[in-house]
Amino acid sequence: MPRHAARAALEAPAQVLADLLEVQRRRFAALDPRLPEAVAPPPGDIVVVGTPPQRVAGVVTHHTWPAGSGPLLWSAAQVSELHPVVGAAGHAPLHALVEAWRGRLLPAVLREPDSAATVTWPSRDVVATRVFLDHGLVPLAVLAVRPPAALPAPPPDPTLEVRRARTDDLDACVRLALEELAYSSQVGGSLVRADAEAVKRTTIRDRLARGEPTWIALRGDRAVGMMECGRTESTPGTWLAGLLPHGAWGYVNCASVTSAERGSGVGHRLAAAALPELETTDSGLPVRGTYLYYNPPNPLSSVFWPRAGYRPLWTLWEVRPAGGLRPA
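### Topic: the pattern of salt bridges
Here is step 1 of the chain: Summed over all chains, the structure comprises 25 salt bridges.
Here is step 2 of the chain: With a closest N to O distance of 2.7 Å, R219 and D157 form a salt bridge. Here D157 lies in the loop between β5 (138–146) and β6 (160–164) and R219 lies in strand β7 (residues 214–219), a separation of 62 residues in the sequence.
Here is step 3 of the chain: For D157, a relative accessible area of 18% gives the class buried.
Here is step 4 of the chain: A salt bridge links R207 to E228; its shortest N-O distance comes to 2.6 Å. Here the residue R207 occupies a position in helix α7 (residues 196–209), and E228 occupies one in strand β8 (residues 222–234), the gap between them amounting to 21 residues.
Here is step 5 of the chain: Note on R207: relative accessible area 7%, which makes it buried.
Here is step 6 of the chain: Here E228 falls in the buried class, since its relative accessible area comes to 2%.

Have a look at this one:
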C-alpha cells in the first residue's frame, strides 16, 4: 500500500473514533472513579472535526418515538443525540463539535416543534458544561447513583403504613404517578400528553402484575405516596454498560408524594423501605448500588435525593425544539 494510502486509511473516521476513545477512557477515569469505562458510541453518523492535537469526533443518532409510547412522557417525539468522543479536548474543539452537530440536524427535525437535541455527559466534566451552556443546552436531568448504605431511620409515624403495592392498588398508583408527572412537567423535561393516563395505567399495571418492587404509603385508607422501583444489570454490550459499572443495580423509576403530605416524612419512609431491598440480589453479581434520574430545576427532588445519598454521575443536556441549538 502506498504511504499516502496507508495514512488515509489510518485517518478513516472509525479509526479516529477508536484512537480518541482510548484517550477518553483516561479522561473519564480521572474525572470520576464511579464512571464506567468509556464505551464506543452506537452506530450513526460519524462526525470528525479538526486536526491533531485538536481533533474531536462524535456520532449523531436520530430516534423517533411512536405515538402512545412511554418515553413520550419525558421525551420529544423526534430526538437528535450527540455521542461525543473527544479524547482530552478542551473548550475550542468541543465548540467545533457542537457546531458540526448543528449542521447534521435533519431538516425534518428542524421543522418539527416536538423535537429535541440531547447529549449525555459526565456531570463532573465542567469543560463540557461551559460549552453546552454556550450552545443553548440546559441540564434537564441527571443520572444519580448511591452506593449500598444505611439510611437514617425515619421518625416513628403510627398513622402511616408503608407496604409493597398490590394489583388492587393500581388506581391509587396511577393517581400518584400522574400527580408526579404534572409537577415534573413544570420543572423538567416531562410532558403531560393526552394519553398520559392510559400510558401510565398500562405501565404500572404490567409492573405490578410482574411483581416488580413498588411501595405505597397509606394514611388511613388513602394512598399518599408511592415509590416505583426495579432491578437491572449492567453487562457488556448493554445500553446500561455505558452509564454504570458492570454489576447488579437497583433503580427508582418514579417517586411521588401527594402535595398535602410533602415534608411530612412520607418520602423518607418510602426510601427507608425500598432501598435496602433494592440493594440485595440473588443473581450472583455484586450489588453496585442504586440509581435514578431527577431534574436539577426541581426544588423537591434536587434536595431530597442528595440528602438520601445520591450524587450526579451523568447530566442529560437538552434543547427543545432541536432547532434551538445555537452557535456559541
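Now that the structure has been shown, we can carry on.
### Some points on the pairing of strand β11 (residues 311–319)
Here is step 1 of the chain: The buried fraction of β11 is high, at seven of nine residues.
Here is step 2 of the chain: The pairing of strand β4 (residues 115–122) with β11 spans six bridges and is classified as antiparallel. When the sheet's bridge partners are listed, A117 is paired in β11 with V319.
Here is step 3 of the chain: Relative to β11, β5 runs antiparallel, the two being bridged by seven bridges.

Parameters and conventions
Residues numbered from 1 in each chain as written. Predicted model: local features only at pLDDT ≥ 70, side-chain atom pairs only at ≥ 80, totals over all residues. Heavy atoms only, no water. Salt bridge = Lys/Arg side-chain N within 4 Å of Asp/Glu carboxyl O. Helix = DSSP H or I, 4+ residues; strand = E, 2+ residues; numbered from the N terminus. Buried < 20%, exposed > 50% of the residue type's maximum accessible area, 1.4 Å probe, protein only. Pairing = 2+ DSSP bridges.

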